[in-house]
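Okay, here's what each chain looks like letter by letter:
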Number of protein chains: 2
Amino acid sequence: MAESILIIGGVAAGLSAASRARRLSPRARITVLERGPVASYGACGLPYFLAGEIASLHRLIAHSVDFFRQHRQIDVLTGHEAVEIEPGRRRVRVRAGGAEQWHGYDRLVIATGARARWQPQAGHSDAVRLRNVFTPTTWSGAQALDEALRGDEIRRVVVVGGGYIGLEMADALARRNRPRRLEVTLIAAGPSLLRGFDAEMAQALPARVASAGIVLRQPERVEALEGAPGGRVLGVRTGSGRLDCDAVVNCGGLRPETALASDCGVALGPTTGAIAVDERQQTNLNGVYAAGDCAETRQIVSGAPVWIPLGAAANKQGRIAGENAAGGRARFPGVLGTLALSAFGYEWGRTGLSLEQAQAAGFDAEAQYVESSSRAGYLDPQPVAIKLIYDRRSQRLLGCHLRGAPGTVAGRLDTAAVALTAGMRLEEVEMLDLVYAPDLAPLYEPLHIAAHLARQRL
Amino acid sequence: MAESILIIGGVAAGLSAASRARRLSPRARITVLERGPVASYGACGLPYFLAGEIASLHRLIAHSVDFFRQHRQIDVLTGHEAVEIEPGRRRVRVRAGGAEQWHGYDRLVIATGARARWQPQAGHSDAVRLRNVFTPTTWSGAQALDEALRGDEIRRVVVVGGGYIGLEMADALARRNRPRRLEVTLIAAGPSLLRGFDAEMAQALPARVASAGIVLRQPERVEALEGAPGGRVLGVRTGSGRLDCDAVVNCGGLRPETALASDCGVALGPTTGAIAVDERQQTNLNGVYAAGDCAETRQIVSGAPVWIPLGAAANKQGRIAGENAAGGRARFPGVLGTLALSAFGYEWGRTGLSLEQAQAAGFDAEAQYVESSSRAGYLDPQPVAIKLIYDRRSQRLLGCHLRGAPGTVAGRLDTAAVALTAGMRLEEVEMLDLVYAPDLAPLYEPLHIAAHLARQRL
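Predicted, not measured: the structure shown is a model, and the values here were computed from it.

Rules and cut-offs
- Residues numbered from 1 in each chain as written.
- Chains lettered and ligands numbered in written order.
- Predicted model: local features only at pLDDT ≥ 70, side-chain atom pairs only at ≥ 80, totals over all residues.
- Heavy atoms only, no water.
- Helix = DSSP H or I, 4+ residues; strand = E, 2+ residues; numbered from the N terminus.
- Buried < 20%, exposed > 50% of the residue type's maximum accessible area, 1.4 Å probe, protein only.
- Contact = heavy atoms within 4.5 Å.
- Core = buried A, V, L, I, M, F, W, Y, C linked by side-chain atoms within 4.5 Å.
- Pairing = 2+ DSSP bridges.
- Axes fitted to C-alpha atoms, helices over the stretch in contact; angles between N-to-C directions.
- Buried area = accessible area lost by both parts, 1.4 Å probe.
- Salt bridge = Lys/Arg side-chain N within 4 Å of Asp/Glu carboxyl O.
- Polar contact = N/O pair within 3.5 Å; in protein donor to acceptor, adjacent residues only side chain to side chain.
- Least-squares fit on C-alpha atoms with pLDDT ≥ 70 in both.
- Parallel < 35°, antiparallel > 145°, perpendicular 65-115°, else oblique.
- Nonpolar A, V, L, I, M, F, W, Y, C, P; charged D, E, K, R; others polar.
- Phe/Tyr/Trp six-rings, centres within 6.5 Å; stacked < 30°, edge-to-face > 60°.
- Lys NZ or Arg CZ within 6 Å of the ring centre and 35° of its normal.
- Expected span 1.5 Å × (residues − 1).

**Q** Mind showing me how you'd approach the environment of B:G151 here?
**A** Residue and element names in this part refer to chain B. Residue position: G151 is located in the loop between helix 4 (139–150) and strand 10 (156–160). Classification of G151 by relative accessible area gives partly exposed; the value is 26%. Note: C-alpha distance between G151 and P179 (28 residues apart in sequence) is 8.1 Å. The contacts of G151, once residues within four sequence positions are left out, are P179 and R180.

This is how it looks when you write it as structure tokens:
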């Protein structure tokens with residue numbers, strides 16, 4: 001009889017796993033359980049939908065359930081929530097439409113993703129069900145927020161969270177002008193915006209947030225939501241006072257969704273709290289794999305376990321898990337945490353370790369910051385700032401942060417990411433044969449200049 | 001007594017050498033001999049000047065002669081032509097302002113650059129001095145062409161040469177509209193435009209040339225210029241007929257300027273015809289270095305000697321030569337031949353080996369061509385096509401060609417260039433942790449997709 005592969009989670013990692021397993025194993029029975037109403041959507045596109053720049057939420061769907069059934073013979077069951085795993089009997093208890101049933105498996109892939117760390121409705125001091133409190137990082141949450149914004153009720157929005165999702169969402173809501181412009185306030189608890197970026201990179205950010213018409217309150221922590229039970233949210237109470245609003249948008253960070261896994265004996269990483277996996281994406285339980293935002297992975301530069309929930313890594317891990325669930329022997333090399341963000345008409349990117357992370361990881365780390373430009377000085381050059389983090393002993397590159405005008409960051413970040421993956425030293429970076437064309441790239445790339453200046457200091 | 005370092009050539013390689021030597025050797029006497037009227041200019045910017053997009057040719061000057069004298073204590077002597085090297089007596093005979101003098105040296109750096117391979121005035125069948133025949137790849141040539149175009153005489157221009165310089169120049173002249181629009185004809189001898197690019201990459205080019213209003217005649221070879229001796233050029237005679245014109249612009253390829261070096265015993269590379277150097281940029285003569293477009297170098301992927309005259313490599317080689325002339329021990333790792341071109345509202349780039357070059361170099365080479373896009377499908381993605389060349393045996397990447405809409409090529413090319421430098425295999429490329437952000441880069445980069453598809457075929 002053909003093997004049966006069961007996958008819990010139908011977004012990035014889960015569907016990559018299913019598709020890859022199908023390619024290796026034409027006869028396996030492959031089933032994907034998705035708790036939400038929709039599978040296979042690009043969650044990173046949700047801010048653009050909320051900004052009003054994508055006509056329909058359905059444009060974010062990469063492939064329909066029908067596509068998976070017809071073209072890949074994969075059953076994607078939406079509205080199906082896995083509520084218990086029984087590894088001993090190799091089966092999963094699933095709730096769907098009020099009923100429950102058991103699904104058996106030979107191999108299981110857990111791709112349950114991440115959830116908002118802050119749950120203002122339930123866990124908060126005013127644990128009442130208030131209307132107009134949204135968590136827009138899922139399909140349902142974004143849909144609910146969009147619908148509410150189409151009505152008359154909401155004019156003043158408070159976005160909670162100063163990480164990159166909070167920034168993207170605040171920017172998106174400030175751009176939205178249908179049916180009206182919104183008054184957006186961004187409340188960030190941390191001392192600087194853009195967690196994980198070194199301070200130089202976030203420098204210009206408060207001014208840019210302001211120029212987008214967004215009121216920034218930082219550092220400030222939301223202590224409670226205000227409103228009558230069952231009614232709509234009327235305001236937020238923070239450490240320094242009170243703020244009226246018509247809606248609260250929760251972008252307060254994520255944590256891995258691990259309850260289902262840990263309840264059945266799947267081990268979590270002690271430092272990350274995410275599901276521990278080996279380089280084949282296998283958990284401590286034989287035949288049980290995990291991938292995506294619920295799982296930890298290895299930071300390529302430091303070798304340490306990390307939890308970095310990002311879509312690109314989730315897809316790749318899903319492929320590895322799917323290949324191995326189908327009997328393959330693929331290995332996931334780890335991540336750099338490569339991340340880019342565009343907001344307020346500017347771009348930020350980082351890959352590898354920040355200076356602080358590098359020092360904490362025991363490197364003899366130092367950084368070189370350079371403000372440079374995107375092309376030849378006589379052809380309207382755009383600003384690009386780079387911060388290169390390196391190890392003084394080995395002269396190896398450890399990380400790279402970038403900030404720049406539109407179009408200047410992504411390619412340079414990828415270039416640095418490959419150099420990091422290869423473990424290049426500053427000397428090698430300085431001599432990289434990169435593009436020079438006056439209107440496309442300067443004679444000396446910011447990466448070259450930073451490597452050169454760093455070497456002078458050694 | 002302080003050492004004396006003499007450098008022949010004051011553009012890219014020569015001045016990098018001088019500056020680097022100064023940094024290592026604060027007391028050396030450093031002199032740069034430049035034949036032309038101006039030193040330290042960005043020759044790659046000349047097409048933008050001719051297009052009328054840079055107000056003055058002087059904007060292309062990176063640093064003035066005064067800057068070099070005052071801030072770096074380097075004597076840059078323009079209008080000084082080296083006419084003979086006497087290695088035995090360590091001196092160079094120099095012609096300047098009608099007079100001659102000898103300049104002694106302890107270390108010599110030859111950075112004489114390249115010259116137009118086709119010399120229509122002298123070497124051609126109608127060896128007469130015709131007016132309005134220009135070689136716009138030097139300061140003087142571009143200045144002369146610009147001055148002529150400001151007058152009334154020139155309306156119909158023939159650009160000779162289908163390499164990237166010919167394309168850039170034809171595009172620049174077609175864009176120029178001061179004092180009038182020009183009728184531009186591009187004559188290319190080869191079977192395809194863009195020598196060194198594989199055929200898929202040049203596919204769309206003839207249509208784009210046409211849409212820029214340029215008449216393309218290809219394959220066609222210029223056999224003679226027409227005009228009365230001493231008068232202006234009246235037309236070109238080609239293999240298939242005759243073409244009236246008011247000016248001829250020579251972009252017919254380059255050859256290394258080696259006469260001065262070879263006349264005094266400096267060895268040339270047998271396959272390249274350019275000055276042979278070791279990885280320290282030293283020639284066969286002790287204490288005599290060469291760098292830039294006059295010298296050969298090593299192709300990183302194949303290890304073979306190559307001659308690839310490009311500005312970025314010239315600058316880096318110059319720095320290595322300068323460091324070593326000042327007593328250092330720096331090594332130049334070689335080049336990939338990374339090149340990008342923007343013309344006709346589109347971009348092309350290549351790095352490493354083409355399929356043809358890879359096969360000729362003895363690799364078990366194969367290529368994967370993919371048409372993909374620059375970002376998420378729901379955010380106005382722009383087309384990007386990639387061709388990845390790889391070795392089937394080792395699965396190593398050998399080269400990468402790209403073609404795409406504005407802003408899509410340079411960063412991806414650099415990313416591939418680093419992977420080539422690191423000798424990455426397809427599997428490693430497929431798992432590279434590159435940026436994904438819906439508006440900046442797609443979930444799967446063209447590089448990822450091509451590597452993935454290539455692996456499927458192995």
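Moving on, there is more to tell.
**Q** Sorry, what's going on with the nonpolar core here?
**A** Among soluble globular proteins, nonpolar side chains are generally buried collectively. If you look at the biggest cluster of nonpolar residues, it comprises 80 residues, and the most contacted ones within it are A:I386, A:L388, A:V429, A:L447, B:I386, B:L388 and B:L447. Among the nonpolar cores identified, the runner-up in size contains 51 residues, and A:A376, B:L50, B:L167 and B:A343 belong to it.

**Q** Quick question: what am I supposed to make of the sheet that holds strand 2 (residues 29–34) of chain A here?
**A** Sheet strands associate in pairs through backbone hydrogen bonding, adopting either a parallel or an antiparallel arrangement. All names here are of chain A. An order of 3-2-1-7-18 is seen for the 5 strands of this open sheet, with the pairing classed as parallel. What marks the edges here is a single partner per strand, and that holds for strand 3 (74–78) and strand 18 (288–290). Sheet twist, expressed as the mean angle between neighbouring strand axes with direction ignored, is 15°. The pairing of strand 2 with strand 3 spans 5 bridges and is classified as parallel.

**Q** Would you take a moment to explain the sheet that holds strand 11 (residues 183–187) of chain B for this structure?
**A** All names here are of chain B. Taken together, 5 strands build an open sheet; the order of strands is 9-16-10-11-12 and the sheet is parallel. The open sheet has two edge strands with one neighbour each: strand 9 (133–134) and strand 12 (215–217). With 2 bridges joining them, strand 9 and strand 16 (residues 247–250) adopt parallel strand pairing. The partner of V133 across the bridge, within strand 16, is V248. Sheet strands in contact with helix 5 (residues 164–175) are strand 10, strand 11 and strand 16, and its direction is about 170° off that of strand 11.

**Q** How do you make sense of the interface of chain B and chain A when you look at a structure like this?
**A** Counting residues at the interface gives 57 residues for chain B, matched by 57 residues for chain A. Summing the contributions of chain B and of chain A, the shared interface buries around 5100 Å²; its carbon and sulfur component is 63%. Among the residues of chain B in contact with chain A, B:Y378, B:M431 and B:D433 are the three that bury the most area, contributing 16% of the side total. Summed over the shared surface of chain B and chain A, the number is 2 salt bridges. A:R319 is the salt-bridge partner of B:E430, the closest N and O atoms lying 2.2 Å from each other. Scanning the region where chain B abuts chain A turns up 24 residue pairs in polar contact (both at pLDDT 80 or more). When contributions to the side of chain B that touches chain A are tallied by element, the ones reaching two or more residues are helix 1 (12–24), helix 9 (311–325), strand 21 (339–343), helix 11 (410–421) and helix 13 (446–457) of chain B.

**Q** How should the environment of B:S373 be read in this particular structure?
**A** Residues and elements named next belong to chain B. Residue placement: S373 occurs in strand 23 (residues 365–373). The class for S373 is partly exposed, based on a relative accessible area of 22%. S373 sits 43 residues away from A330 along the chain, and the two C-alpha atoms are 41 Å apart. Leaving out residues up to four positions away in the same chain, S373 has contacts with P381, Q382, V384, P442 and P446.

**Q** Would you explain the relation of the copies chain B and chain A in this entry?
**A** Look at the two chain copies: a rotation about an axis and a shift along it is all it takes to match them. With an axial shift of 0.0 Å and an RMSD of 0.0 Å, the rotation relating chain B to chain A amounts to 180°. The two molecules are tied by a two-fold rotation axis, judged by turn and shift. Both copies contact each other with a shared surface, as 100% of the interface residues of chain B are interface residues in chain A too.

**Q** It is not clear to me how the packing of helix 11 (residues 410–421) of chain A against helix 11 of chain B should be interpreted in this structure. Could you clarify?
**A** Running from N to C, helix 11 of chain A and helix 11 of chain B cross one another at 5°; their axes reach a closest spacing of 8 Å. The angle between helix 11 of chain A and helix 11 of chain B falls in the class roughly parallel. Across from A:G411, A:D414, A:T415, A:V418 and A:A419 in helix 11 of chain A, the residues of helix 11 of chain B making contact are B:G411, B:D414, B:T415, B:V418 and B:A419. In the contact of helix 11 of chain A with helix 11 of chain B, the residues fall into 4 nonpolar, 4 polar and 2 charged.

**Q** Please clarify how the packing of aromatic side chains should be interpreted in this entry.
**A** Each aromatic ring pair is characterised by the separation of its centres together with the angle its planes make. All names here are of chain B. Following the criterion strictly, the structure yields 6 aromatic pairs over all chains and no others. Ring geometry for Y41 versus W139: centroids 5.3 Å apart, planes at 65°, classification edge-to-face. You can see Y41 sitting in the loop between strand 2 (29–34) and helix 2 (46–50) and its partner W139 sitting in helix 4, a full 98 residues away along the chain. Between the NZ or CZ atom of R91 and the centre of the ring of W102, over which it lies, the distance is 3.6 Å.

**Q** Explain the pattern of salt bridges here, please?
**A** Pairing of side chains with opposite charge becomes possible as their charged atoms draw close. Tallied over the full model, the rule gives 70 salt bridges over all chains. Between A:R131 and A:E153 there is a salt bridge; the shortest N-O distance is 3.1 Å. Within this pair, whereas A:R131 is found in the loop between strand 8 (114–116) and strand 9 (133–134), its partner A:E153 is found in the loop between helix 4 (139–150) and strand 10 (156–160), the two being separated by 22 residues in sequence. Residue A:R131 is classed as partly exposed on the basis of its relative accessible area of 41%. The residue B:R156 makes a salt bridge to B:D246 at a minimum N-O spacing of 2.7 Å. With B:R156 in strand 10 and B:D246 in the loop between strand 15 (241–244) and strand 16, the pair connects residues that are 90 residues apart, well separated along the chain.

**Q** Hey, could you run me through unusual backbone geometry in this one?
**A** A cis amide bond links B:R178 with the next residue in sequence, B:P179, at an omega value of -5°. Along the chain, the position of B:P179 falls in the loop between helix 5 and strand 11. With an omega of -5°, the peptide bond between B:Q218 and B:P219 qualifies as cis. You can see B:P219 is positioned in the loop between strand 12 and strand 13 (222–226). Even without a glycine there, the phi angle at A:S40 is positive, about 55°. Following the sequence through the fold, A:S40 ends up in the loop between strand 2 and helix 2 (46–50).

**Q** What am I meant to see in helix 1 (residues 12–24) of chain A here?
**A** Residues and elements named next belong to chain A. Along its 13 residues, helix 1 runs 19 Å from first to last C-alpha, staying within 8% of the 18 Å computed at 1.5 Å per residue. The element helix 1 is extensively covered by neighbouring structure, given that 10 of its 13 residues are classed as buried. Within helix 1 the residues assigned to the buried category are A13, G14, L15, S16, A17, A18, S19, R20, A21 and R22.

**Q** Can you walk me through the environment of B:I61 in this structure?
**A** Residue and element names in this part refer to chain B. By secondary structure assignment, the location of I61 is in the loop between helix 2 and helix 3 (65–72). Exposure remark for I61: the relative accessible area of 23% places this residue in the partly exposed category. Taking C-alpha positions, I61 is 43 Å from M431, a pair spaced 370 residues apart along the chain. Contact partners of I61, with chain neighbours within four places excluded, come to V38, A39, S40, Y41 and W139.

**Q** I'm lost on helix 9 of chain B in this one. Help?
**A** Since there are 3.6 residues in each turn of an α-helix, residues three or four apart along the chain are aligned in direction. Residues and elements named next belong to chain B. Taking 1.5 Å of rise per residue, 15 residues should cover 21 Å, and helix 9 covers 21 Å from first to last C-alpha, within 8% of that figure. Among the 15 residues in helix 9, 14 count as buried, and that is most of the element. Taken from the residues just after helix 9, G327 is the one with a positive phi, measuring 100°.

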